[in-house]
Structure formats: C-alpha cells, structure tokens
Amino acid sequence: MRFDRDLLLAAVVAAGQVGTEILLSPGLTPLDYALLLGGTLVLALRRRFPIVVLAVTVACMLAYTVRMQPGAVAAFPVLIAVYTTVRQGKHPAALAGVVLFLAGVFAFGHDAAAGLSPRSAIESRVLLVGWLVAAAVIGEATRAWSAYLEQVEQRAAEAERTREETALRRAGEERLRIARELHDSLTHSISIIKVQAGVAAHLARKRGEEVPASLTAIQEAGADAMRELRATLEVLRSDEGSGLEQVPDLVDRARAAGLPAMVEVSGSPRPVPAEVDRAAYRIVQEALTNITRHAGPASASVRIGYLPGEVIVQIDDDGAAAPGQGHQPGIGLTGMRERVAALGGRLRAEPRAEGGFTVRAELPVARS
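Residues numbered from 1 in each chain as written. Predicted model: local features only at pLDDT ≥ 70, side-chain atom pairs only at ≥ 80, totals over all residues. Heavy atoms only, no water.

The name an unreviewed UniProt entry gives the chain is histidine kinase, with Nonomuraea africana as the organism. Looking at the Catalytic activity (unreviewed entry) heading of the UniProt record, one finds this comment for the chain: "ATP + protein L-histidine = ADP + protein N-phospho-L-histidine." (UniProt positions renumbered as here; feature names shortened; annotations may be inferred.)

Spelled out as structure tokens, the structure:
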C-alpha cells in the first residue's frame with residue numbers, strides 16, 4: 001500500500017518536473033530527460049532504500065542543475081529525498097546529501113548564464129538552503145511525532161494488559177476467599193450432621209430398632225452434600241491452567257470414581273486461546289459431573305475434535321435419558337450455555353435418539 005502511494009508520488013513529481021522544465025527550458029536533450037526522470041521516478045523506492053534514493057536524486061538533479069541552470073525549483077525531488085531520509089533517522093546521510101547538493105550548486109552554478117542579477121542569485125541560494133532545512137526539520141518533526149504515537153500506543157497496550165492481569169489476580173483472590181468461607185462455614189456443620197445421623201443410626205441398630213427412613217435420608221444427603229461441596233471447592237481453588245490437556249486426567253478421575261469413561265481426540269492438537277481452553281475443560285467437567293449424578297448406571301465418552309476454525313467438544317452417555325423426555329436445565333447446563341455464548345460458539349444439550357444424553361459444544365478459534 002505504501003509502495004503504491006510512493007509510486008504515485010514519484011509519477012506526479014516526474015510529470016510536474018518534466019512539464020515545468022519543458023516550459024522553462026526549451027530544447028532539452030535526451031540526457032536531460034534521463035536526468036529528470038531518474039531523479040524523480042526513483043522516489044518510488046524512498047521508503048525501502050532511503051540512502052540510495054537520496055544519492056541518486058542528488059546526483060541526477062545536481063547534474064541537471066549544472067547543465068541547464070533551472071534554479072531552485074529543480075531541488076524539489078531532493079527535498080522529498082531529504083525529508084524521507086531524516087524521517088527514517090538517517091541523519092548523517094541526509095546531512096551529506098544536503099551539503100553535496102548545495103556545494104555542487106554553489107560551485108558549478110552560473111547565475112549570469114541563467115540571467116540572474118547578483119541580488120537575485122543570493123536570494124535564490126538562500127531560498128534553496130531554506131527549503132532544504134525546512135525539509136529536514138519537517139522530517140525530524142514527523143519522526144518524533146510518530147515515535148510519540150508509538151509510545152502512547154505501547155503505554156495504552158501495557159495499561160490494558162496490566163488491568164487484565166489485575167482483574168485476573170483479584171478474581172483469583174476472590175475465588176480463594178469464597179472457598180475459605182464455604183469451607184469454614186459449611187464443611188464443619190455438614191460433617192457434624194452426617195456424623196450425628198450416623199451415630200443415631202448405629203445406636204438404633206444396636207438396640208435392635210429399625211432405623212428411621214428420615215435418618216437414613218439425612219445421612220445420605222449429608223454425604224452427597226459433602227461430595228458436592230468438595231467438588232465446588234476444588235473448582236474455586238483450581239488455577240486458570242485447567243484446559244484441554246488436563247481432560248485425560250479428568251476422565252481418569254471420573255473412571256476412578258466409578259464412571260466408565262473414555263476420551264478420544266481427533267485432528268491435530270494445537271494451542272488454542274486461553275478462554276476457549278478453559279471453557280472446553282469446564283464443559284467436560286460439568287458434563288461428567290451431571291452424568292455421575294443424574295444418568296444412573298451409565299458409561300461416558302468424551303470426544304475432542306480440532307478443526308481449522310473451531311474446537312468441538314462432545315460428551316455422550318448411555319444413561320437413563322430418552323428422546324422426548326423433558327428435562328429441566330440446571331445451573332450446570334445454564335453455565336455451559338453462558339460460557340459458549342460468550343465465545344460466540346454453539347451448544348447442543350439433549351437426549352440422544354439411541355438413549356442417553358449428549359452435550360456438544362462448538363467453540364470458534366482463530367485460524368492459524
């Protein structure tokens with residue numbers, strides 16, 4: 001894009017320079033045209049090779065000035081070359097080009113032949129020096145302004161990154177605080193309820209009495225509550241590193257807890273954005289937890305597919321769910337939908353035609 005602009009600039013300068021010289025200096029030779037075109041069209045490469053372009057422009061326009069005495073107007077291509085060289089921080093080269101061009105003009109210019117009086121000749125030279133100095137000053141000012149803008153952008157990016165890190169750190173601290181509060185306030189009370197119910201049931205059996213169903217229900221509910229509380233505390237205390245690489249370990253733990261489960265990966269595993277990585281892990285974790293709690297005697301399969309533009313996570317079970325059977329989405333499924341929607345993906349959670357339940361999440365990722 002920049003080269004296109006530079007090429008257009010070079011063509012405009014060449015056309016203007018040649019047209020002006022044709023009007024002011026009739027009888028141009030092929031060598032004069034070659035010098036004019038060489039000193040102007042080379043400006044198309046000014047950003048890529050600023051020093052080379054400056055050297056070629058100075059040489060061509062100086063030679064043309066010595067031959068034709070066109071005056072200060074012939075220095076216009078040199079001004080652009082000097083500006084570009086200073087803009088890119090090549091100060092010694094720009095200074096050398098300016099000094100060489102001025103020295104050649106002052107040494108080999110023939111003011112009388114150009115029809116200039118001494119006063120007009122001095123004014124023309126002062127004007128030429130002023131133009132060259134102005135081109136250098138503008139180039140330096142533009143370079144400083146660009147450097148300032150770059151620093152501002154870097155500071156803004158750093159501030160944004162710092163804000164994100166601070167937010168993540170505070171979120172982690174808040175999770176740990178909530179985990180401690182839950183542990184301190186609930187674990188002890190639930191443990192006492194469970195122990196007291198167990199003692200009461202034991203004493204009833206010891207006396208030969210039938211254990212009340214309500215007491216058994218309290219004992220079982222206490223055990224379930226302890227398991228769910230431990231799972232909640234584990235989630236709250238887990239770091240942000242949980243991702244697809246930890247899914248096999250997650251399946252192993254589910255298998256050790258009594259749920260027959262397997263994991264299958266298709267495609268070429270690759271790093272994915274952190275938010276996608278964590279969301280996929282949490283979806284698998286929640287789906288396996290739901291299977292354990294609600295599917296009854298069942299087995300589970302976890303499939304992870306890496307596609308060019310997305311990652312697909314699918315968890316199937318062969319439990320008690322059946323087609324057409326109504327199911328009320330709980331907090332787990334609602335959380336899954338929220339995670340997937342926040343990433344711009346799609347979630348399907350419904351009974352399977354062959355029995356059981358399926359959860360399929362399609363999470364978009366940037367194409368590599």
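The structure having been displayed, the exposition proceeds.
When its secondary structure is counted, the chain shows 10 helices and 5 strands. A buried classification covers 35% of the 368 residues belonging to the chain. Of all intrachain contacts in the chain linking residues separated by at least 6 positions in sequence, the fraction that spans at least 24 positions is 70%. Summing over all exposed atoms, the chain offers an accessible surface of approximately 21,300 Å²; the carbon and sulfur share of this is 61%. (Helix = DSSP H or I, 4+ residues; strand = E, 2+ residues; numbered from the N terminus. Buried < 20%, exposed > 50% of the residue type's maximum accessible area, 1.4 Å probe, protein only. Contact = heavy atoms within 4.5 Å. Areas by Shrake-Rupley, 256 points an atom, 1.4 Å probe, with all protein chains shown as cover.)

On to the pattern of salt bridges. In this structure the tally under the stated criterion is 9 salt bridges. Its salt-bridge partner being Asp 316, residue Arg 303 comes within 3.2 Å of it at the nearest N-O pair. Separated by 13 residues along the polypeptide, Arg 303 in strand β2 (residues 300-306) and Asp 316 in strand β3 (residues 310-317) bring together distant segments of the chain. Exposure remark for Arg 303: the relative accessible area of 34% places this residue in the partly exposed category. The shortest N-O distance in the salt bridge between Arg 352 and Glu 354 comes to 3.1 Å. Since its relative accessible area comes to 18%, Arg 352 is described here as buried. Classification of Glu 354 as exposed rests on a relative accessible area of 60%. One salt-bridge network, held together by shared partners, links Glu 310, Arg 346, Arg 360 and Glu 362. (Salt bridge = Lys/Arg side-chain N within 4 Å of Asp/Glu carboxyl O.)

Bringing the side chain of Asp 317 into the picture now. Considering the arrangement of structural elements, one finds Asp 317 in strand β3. The buried charged residue Asp 317 lacks any salt bridge, with Arg 352 as its nearest oppositely charged partner at 6.1 Å. (Lys, Arg positive; Asp, Glu negative; His and termini not counted.)

With that settled, the discussion passes to the sheet that holds β2. Spatial ordering of the open sheet is given by β1-β2-β3-β5-β4, a layout of 5 strands whose pairing is mixed. Two strands lie at the open edges of the sheet, namely β1 (261-266) and β4 (346-351), each paired on one side alone. Ignoring strand direction, the axes of neighbouring strands in this sheet form an average angle of 10°. Note that β4 and strand β5 (residues 357-364) share 6 bridges and pair antiparallel. Each residue of the ladder has a partner; that of Pro 351, found in β5, is Phe 357. The sheet strands contacting helix α8 (residues 247-256) are β1 and β2, and the helix crosses β1 at an angle near 165°. (Pairing = 2+ DSSP bridges. Axes fitted to C-alpha atoms, helices over the stretch in contact; angles between N-to-C directions.)

Another aspect to go through is the packing of helix α4 (residues 76-87) against helix α5 (residues 91-108). The description of two helices packed together rests on the angle between their axes and the distance between the axes. Running from N to C, α4 and α5 cross one another at 160°; their axes reach a closest spacing of 8 Å. Between α4 and α5, the interaxial angle falls into the category roughly antiparallel. In this structure, α4 crosses over α5, and the sense of that crossing is left-handed. Residues Val 78, Val 82, Thr 85 and Val 86 of α4 lie in contact with α5, whose contacting residues are His 91, Ala 93, Ala 94, Val 98 and Phe 101. Along the lines of polarity and charge, the residues of the contact of α4 with α5 split into 7 nonpolar, 2 polar and no charged. (Parallel < 35°, antiparallel > 145°, perpendicular 65-115°, else oblique. Left-handed = near helix turned anticlockwise from the far one by under 90°. Nonpolar A, V, L, I, M, F, W, Y, C, P; charged D, E, K, R; others polar.)

Turning our eyes to something else, we now look at the UniProt feature "transmembrane region" (unreviewed entry) in the chain. Within this numbering scheme, the UniProt entry marks residues 44-64 and 93-114 as carrying the feature "transmembrane region" (unreviewed entry). Structurally, residues 44-64 is divided into 71% helix and 0% strand, and its ends, taken at the C-alpha atoms, are 20 Å apart.

Interhelical geometry of helix α3 (residues 50-68) versus α5 gives an angle of 5° and a closest axis separation of 10 Å. Considering the angle they form, α3 stands roughly parallel to α5. Packed against α3, whose contacting residues are Ile 51, Leu 54, Val 58, Met 61, Leu 62, Thr 65 and Val 66, the element α5 presents Ala 93, Ala 94, Gly 97, Leu 100, Phe 101, Gly 104, Val 105 and Phe 108 at the interface. Its residues placed into classes, the contact of α3 with α5 shows 12 nonpolar, 3 polar and no charged.

Our focus in this paragraph is the nonpolar core. Counting 35 residues, the largest nonpolar core has Leu 244, Leu 288 and Ile 315 as the members making the most contacts within it. Elements that contribute at least two residues to this core include exactly α8, α9 (274-294), β2, β3, α10 (331-342), β4 and β5. Sequence-distant contacts of Ile 315, that is, excluding residues within four places in its chain, are made with Ile 283, Val 284, Ala 287, Leu 288, Ile 291, Ser 301, Val 302, Phe 357, Thr 358 and Val 359. Counting 32 residues, the second-largest nonpolar core is a separate cluster that includes Ala 10, Ala 44, Val 58 and Met 61. (Core = buried A, V, L, I, M, F, W, Y, C linked by side-chain atoms within 4.5 Å.)

A cluster of nonpolar side chains, Phe 3, Leu 7, Leu 45, Phe 49 and Val 52, forms an exposed patch at the surface whose accessible area comes to about 430 Å². Here Val 52 lies in helix α3. (Patch = residues over 30% accessible without salt bridge, like charges linked within 9 Å, V, L, I, M, F, W, Y side chains within 5 Å.)

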